[in-house]
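# Reading the structure
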Amino acid sequence: HATMSEPTFGALRRDVLLTSFSRPADARARDGAAAAAADAPSTAPTSCVALARALRRGAYDDVLRSPTVLAALGVDANDAREDARAHYEALGAAARDARDDEGAFAVACAGVAALYAFVRATVTGPRIGNARATPLLDATAREARDEAWDAYARERLSLDGEDLVGRCDMPQYLYLARVLLLDRFATSLAWVRTLDVPALTLKDARAAVPVGAVAKRTSHDAMCAWFAARVAITQQRALAGQSPTLRGELLGLHAYNLATFAPVRVEGQTPHREDVVFEAMARLEASLMEHQYGHVDSAYVLQRGAAAAFGLKHEIGGVLGYRTIHQQDAKSQLVLNVELDSMDWGESDDEDEDEDEGELDDLELEGRSQAMARIATELTGLSEDGSQILTRPRLMEGMPPPAQMPSAAQAILIAAALTVRKKQADDGLRSYEMAPYTEFVGAQQKSQPILRAATTVLTSRHERDRARTRERSLLVLEDLVQTLERSHPKVSSRMRFVFSTWFPPAMTLKKELGEQLVSIGMVGAALELFEEVELWDSLIVCLSLLGKKQQAADLVRRRLQADDTNPKLWCALGDALDDEQYYWKAWEVSGERNARAKRSLARRAAAREDWANAAEHWMDALKINPLFPDGWFSGGYACLKCDRTDDALAAFVRCTQIDVENGQAWNNVAALSIRLGRFTAAHTALCEAIKHQRTSWHTWENHAMVCAKVGKFATSALALLKVLELTQGARVHVETVQTLLERVREARADPTGAK
C-alpha cells in the first residue's frame, strides 16, 4: 500500500475519536470522501479505512482479527506459546517499533478495540458468551491456557497494592489496551514521576508540561494520548482503591489533552463544530477524572469550562407544578433552565446509523445469571406505582417542554448533577438539588443509552433516600442491571459518551443492588449475587448478618484450593474468621505488596490499642499506596498516641493534601500546630476546618482561641458565639473570653491605638 497523506490519516484519527461521541452529518460526508479515496490505492490503503469503520459499528473482534493488525504486531493467530509475559512483552515491543503511518494506526486501532471490548464486557454490556479470552490469538489454540493468562493479566492490572474489584471479566483486553496505548507514553510522562503525585493538582500538572510536548489535534500522538487516558481511568475504576501510579499518568495525559484540544481560543475565530465537541469533552473527561480522586473544586471549574466551551448555560429555577398523582394545588417545583448558544447541531446527531443494524446477529450473548433471575422473581410483588409520587413534576398547562439538547450537552448536565452531589454535604436537600438535572436529561426525546443509564442510577439513588419511593428505586436499579445484558441497543450506540459520563462498572452497580436488597431484608438474594460476582467482602457481611460466618470461611477455603496465591481471598478468610494470621499470609503471598492486608493488621492493632504496631502497619501500607487519605488520618492518630508529634503532624498534613474536605484532619493539623506554638499555621488550618465542620463546637472553640492569639479579635468573638449556639450555652472557653475582655479594656483606655 502507498503511504496515506497526513490530512487523510488526520481525518481517520478524528473518526476514531468520534466513535465515542455522536456523529454529526458533516462527519458522514467525510466518510464518503474517505471511502472514495480508499478506492484509489495510490492515495490510501483500504485497510485503515476498514479498521475505522469496524470500530464505528462496534465490530471490535473484527479489528483484533484483522490481518493488518496482526501484521503490524507480528502476531501469528495460531501461536501456541506458553509464556504470557513473553507474549505481551513482544506486543509492546512491536507497538513501539511501528513507525510508518499505516502500522501505527493499526496498532492504535487494536488498542482502542481492546479497550472498547473490555468496556462492553464490564460497563455497558452485553457480555458476549463466545468472546475469546485472549485477544489476537485463535480461541481453539488458547482454550487450555486462557485461565492462567487471565490470572497474569489481573496481576499486572493490580497496582500499588490495590486488587481488581470482584470478578473482572476479560482482563486481557484491558491489559492489551494498556500495553498498546498507555505504555507507549512511559518515557514522555517521566516528568510526572519527578513530582509529588499525591499532592499534585491538575493545574500544577498543566503548568509543568514540557515546552514543545503539545501535539497537533490530527496527530497520532494526540489520538493515542486521549485513549491512553481512557485506559487509565478505566483501570482505576476497576480497582478497589485509588492508585497513585494511575493518578500520575492521568494528570500528565489530561494535561496533554487539554493543551491539545482545549487551547486558549483566538478572539474572533469560530471553531469547527467537531472542535467544539472535542474541546468540551476534553474538559469534561478531565472533570470526571478529578471527581474520581475527590478534587471537587477542580472538577467544578472544568465542568463549567466544558459548558462554556459548548455554549451551554444552566441554572435552577422554580415553576408551578404537581409532584404527586392526587395533588390538587400546584406548588413551586425546582426545574432546570437551559440555554444553548447554537441549536444547529444537525438532525443526525443522535440518530442510528443504518450500517450498524444487526451487528450482534453473529454473536452469542451470555446467558442470564441465576442470581439476577432469582432477584427478578423475589421482586415480583413490589410495585413501581405504589408511592404515588411522580418520577418528575407535572408542570402546569401552558409550560413549554424541555428543549431538545444534543448528547454532549446532556453529558455536561449529568456532570453538573454529579458536582452538586460531590460538592455539598448530605443535609437531606442535596438529592433534591440534583433532581432537576436528572429530570431534564430524563425528559429528552433523544439521548444516548449510556446517558439514560447514568440518569437512571442518579435517580435511583435520589429515590432510595425517600421511604415512599424506596421500592421503586430498587426496581429501577434491578431493571437497569437486566437491561445491560440485552442485545439492544446496539454496542456502537452504547459506546457513545461512555467516557464522558459518570457511570459505574457492572461490579459496582451489582454491589449497589445487593446492598439495597440487604437494606430491605432480602439477604438471601443479595448473597447469591455477591457470590456470583465474587464480591467477597460484601458476601462475608451478608453471611455475618445471617450468623453464618463459618459458612463464609468454608466458601473462601474452597476458592483457595483452586487459587492459594490470591491475597484477596486470604484477606477475606481473615475477615470471616477474625484471625490475624490470614492477613499475614496475604502479605506473604503478595510478595509484601498487598496494602489491604497491612490496613487490616493496622486496624486490628488499633482496636487492641497497640498504637506502636498500628502506626508501623499504617506506614507500611502507605508506602505501597500513599493515595489513601483515611490511612494517613488513622496513621497520624496512631503516631499521636505514641507521642510522635512530628510524624503525626506530617500524616495529617498529607491527609489534607489528598482530601481537602476532611475537616477533622484540618482540625488535627491546627491542634498539633497549637501544641508546637505555630499559631499562624494553626489559624490557616482552622479556616479550612470550619468550612467542612460547621457543626463541630470543638473546631469553633479552637478557631476562637487561635484568632485571639493572632490578633483576629472580632473573628474570635464571632467564633465564641458560634460555640455558645452549638452547645446551647453549655460551653465557653474562659481563657479566650479573658483575652478579649483585656483587649476591650485596652481599647477603651486608648481608643486611638485600638486595632
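Provided above is the structure to which this section pertains.
Residues numbered from 1 in each chain as written. Predicted model: local features only at pLDDT ≥ 70, side-chain atom pairs only at ≥ 80, totals over all residues. Heavy atoms only, no water.

A few words now on the sheet that holds strand β2 (residues 331-340). Spatial ordering of the open sheet is given by β2-β1-β3, a layout of 3 strands whose pairing is antiparallel. Among the strands making up the open sheet, the edge pair consists of β2 and β3 (389-395). Each strand axis lies, on average, 50° off the axis of its neighbour in the sheet, ignoring direction. Pairing between strand β1 (residues 312-324) and β2: 10 bridges, direction antiparallel. Note that in β2 the partner of L312 across the bridge is L340. (Pairing = 2+ DSSP bridges. Helix = DSSP H or I, 4+ residues; strand = E, 2+ residues; numbered from the N terminus. Axes fitted to C-alpha atoms, helices over the stretch in contact; angles between N-to-C directions.)

As a further point, take the side chain of K598. Within the secondary structure, K598 is located in helix α29 (residues 595-607). With residues near it in sequence (within four places) discarded, K598 still touches W584, W587, H617, D620 and A621. (Contact = heavy atoms within 4.5 Å.)

The peptide bond linking G125 to P126 adopts the cis configuration, its omega dihedral lying at -10°. Tracing the sequence through the fold places P126 in the loop between α7 (101-124) and α8 (139-142). A positive phi angle, close to 55°, is found at Q728, a residue other than glycine.

What follows is about the packing of aromatic side chains. Under the criterion given, the structure shown has 18 aromatic pairs. With a centroid separation of 5.0 Å and 65° between ring planes, the pair formed by Y88 and Y175 is classed as edge-to-face. Highlighted residues: Y88 in helix α6 (residues 84-97) and Y175 in helix α10 (residues 171-182), separated in sequence by 87 residues. Residue Y88 shares its accessibility class with Y175, and that shared class is buried. Ring centres of W226 and F278 lie 6.0 Å apart, and the angle between their planes is 70°; on these two criteria the pair is classed as edge-to-face. Of this pair, W226 sits in helix α13 (residues 220-238) while F278 sits in helix α15 (residues 273-292); the two residues are 52 residues apart in sequence, bridging distant segments of the chain. Here the two residues W226 and F278 agree in accessibility, since each one is buried. Here the basic side chain of K585 rests over the ring of W570, its NZ or CZ set 5.8 Å away from the ring centre. Positioned over the ring face of F628 is R599, at 3.8 Å from the centre of the ring. (Phe/Tyr/Trp six-rings, centres within 6.5 Å; stacked < 30°, edge-to-face > 60°. Buried < 20%, exposed > 50% of the residue type's maximum accessible area, 1.4 Å probe, protein only. Lys NZ or Arg CZ within 6 Å of the ring centre and 35° of its normal.)

Attention shifts here to the side chain of S673. With respect to the helices, strands and loops of the structure, S673 is situated in helix α33 (residues 663-675). A polar contact is formed between the side chain of S673 and the backbone oxygen of V669, at a distance of 2.8 Å. (Polar contact = N/O pair within 3.5 Å; in protein donor to acceptor, adjacent residues only side chain to side chain.)

What follows covers the nonpolar core. L73, M281 and F503 are the most contacted members of the largest nonpolar core, which totals 219 residues. Ranked by the residues each element gives to this core, the list is headed by α7, at 16 residues. In this view, M281 contacts F21, W226, A408, I412, F497 and S500; residues no more than four positions away in its chain are not counted. Grouped together as the second largest cluster of nonpolar side chains are 7 residues, I690, W700, A704 and L740 included. (Core = buried A, V, L, I, M, F, W, Y, C linked by side-chain atoms within 4.5 Å.)

Here we take up the pattern of salt bridges. Pairs can form between side chains of opposite charge whenever their charged atoms are close. Within the structure shown, the criterion is met by 36 salt bridges. We note a salt bridge from R184 to D221, for which the minimum N-O separation is 3.1 Å. Of this pair, R184 sits in the loop between α10 and α11 (190-193) while D221 sits in helix α13, and the two are 37 residues apart along the sequence. Take R184: its relative accessible area is 32%, and that puts it in the partly exposed class. A relative accessible area of 39% places D221 in the partly exposed class. A salt bridge links E688 to K691, with the nearest nitrogen and oxygen atoms 3.2 Å apart. (Salt bridge = Lys/Arg side-chain N within 4 Å of Asp/Glu carboxyl O.)

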